[in-house]
Amino acid sequence: MSALFTSETSVVRKIWGRSDTILFIFAGAAAEFALNKAVDWLYFTGKLPSDPLGRLFTTVSYAKDIVFATTEKAHQAIDKISHIHQHVEQSRGYSIPDWAYRDVLFMLIHYSIAAYELLEKKLTKAEKDEVYDVFYRLGLRMQIPELPPNYAAWLPVRAAHLQQNLTYSHFTADLFKQYKKHLGHFRFRILLEGQKLIVPTIVKKLLHLNNKSLLRPAVPFYKISKTLQVDALIRHCLLPSAYRDKINALDRSPLQMSR
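Worth saying up front: this structure is predicted, and the values here are computed from it rather than measured. Starting from 1, residues in each chain are numbered consecutively following that chain's sequence as written. Per-residue local features are limited, in this predicted model, to residues with pLDDT of at least 70; the limit for side-chain atom pairs, both in listing and counting, is 80 or more; totals at the level of whole chains, interfaces and linings are taken over all residues. Each side-chain value is worked out from all heavy atoms of the structure, with water and hydrogens disregarded.

Visitor: I tried to follow the nonpolar core on my own but got confused; where do I start?
Guide: Nonpolar side chains tend toward joint burial in soluble globular proteins. In terms of nonpolar packing, the biggest core is built from 75 residues, with I15, W16, I66, I109, V131, F135 and F176 touching the most fellow members. Among the elements that take part in this core, helix α7 (residues 98-119) stands out by supplying 14 residues, more than any other. Those residues in contact with I109, other than ones at most four positions away along the chain, are V131, Y132, F135 and W154. We call a set of buried Ala, Val, Leu, Ile, Met, Phe, Trp, Tyr and Cys residues a nonpolar core when their side-chain atoms join them within 4.5 Å. A 1.4 Å probe rolled over the protein chains alone gives each residue an accessible area, and that area as a share of the maximum for its type sets the label: buried under 20%, exposed over 50%, partly exposed in between. Secondary structure elements follow DSSP: runs of H or I no shorter than four residues count as helices, runs of E no shorter than two count as strands, and numbering proceeds from the N terminus. In this analysis, two residues are considered to be in contact whenever any of their non-hydrogen atoms come within 4.5 Å of each other.

Structure below.
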């Protein structure tokens, strides 16, 4: 039997085993994606602006499948992602820049940690190293060059990427317009308030988001709601009906997380 890509005891399984954590990962990535200087690649196929939530579930499904897969199955999924990107590059006639691949990987690392620390508890240095190692190995399989060897070495590289590779553009404005169209005014407002809690300072500055999130007082209550097992009801009220089943399906039981 093939070894697991992610250890049964890894905190990464806890992070990617809950839909609420994954939704915050999406909220942060949705903001940062929109600012990335390579976001035009996501517009090339037309899939992102036409169905940003559908794109979310495609991305999340790949990431979650990799986290909970055997090494063999994870490598197959990663190779499939690489193949899809290569096809897009061939269609457009030139390559996606290496720094853009790193940026996406860096988002998964950052928001995995930030989302878990927001909704659960602070991670130890060893746990942050675990998170980094999982996505580092994913990046190596995709042959992404110049990846820092560990979490500590990654931190300054991540900071430099944020400074160099983000800008507010017409793509940014259009993508947020699409978010609002697909979510509706109320849920779009919730998205923005959630982003304030999780994105880096430079992202908030570029998007003109302040630090005062209306959701911050609700976070302790939400933690209690999970203990009382009413968190699913809260998500049911907040999420678009067309996507509730898909989002709830992201949850994994403790038994599933250990497999």
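Visitor: Even after reading the chapter, I still don't get the packing of α7 against helix α8 (residues 125-141), so can you show me in this structure?
Guide: Each packed pair of helices is defined by two parameters, the angle between the axes and the distance between the axes. Every axis corresponds to a line fitted to the C-alpha atoms, with the helix fit spanning only the stretch in contact, and the corresponding angles, defined between N-to-C directions, vary from 0 to 180 degrees. It is at 10 Å that the axes of α7 and α8 come closest, and there the two elements cross at 155°. Taken as axis vectors, α7 and α8 run roughly antiparallel relative to one another. In this structure, the crossing between α7 and α8 has a hand that is right-handed. Contact residues: α7 offers L105, L108, I109, S112, I113 and E117, while α8 offers K128, V131, Y132, F135, L138 and G139. The residue makeup of the contact of α7 with α8, split by class, is eight nonpolar, two polar and two charged. In what follows, roughly perpendicular refers to angles from 65 to 115 degrees, roughly parallel to angles under 35, roughly antiparallel to angles over 145, and oblique to any angle outside these ranges. In this scheme the crossing of two helices becomes right-handed for a clockwise turn of the near helix relative to the far one and left-handed for an anticlockwise turn of less than a right angle. Residues are grouped as follows: nonpolar covers Ala, Val, Leu, Ile, Met, Phe, Trp, Tyr, Cys and Pro; charged covers Asp, Glu, Lys and Arg; every other residue, Gly included, is treated as polar.

Visitor: Sorry if this is basic, but what is going on with the packing of aromatic side chains here?
Guide: Each aromatic ring pair is described using two quantities: the centre-to-centre distance and the angle formed by the ring planes. Paired rings are identified among Phe, Tyr and Trp, the last through its six-membered ring, by centres lying within 6.5 Å, and are further divided according to the angle between planes into stacked (under 30 degrees), edge-to-face (over 60) and tilted (the rest). Under the criterion given, the structure shown has seven aromatic pairs. Note on Y132 and W154: the rings are 6.0 Å apart at their centroids and 45° apart in plane angle, and the pair reads as tilted. Placement of the pair is Y132 in helix α8 and W154 in helix α9 (residues 151-165), with a sequence separation of 22 residues. Relative accessible area serves as the criterion here: at 3%, Y132 is assigned to the buried category. The buried category is assigned to W154, whose relative accessible area is 2%. For the ring pair F176 and F188, a centre distance of 6.4 Å and an interplane angle of 80° mean the geometry is edge-to-face. You can see F176 sitting in helix α10 (residues 170-183) and its partner F188 sitting in helix α11 (residues 185-198), a full 12 residues away along the chain.

Nothing here speaks to function; it is all geometry.
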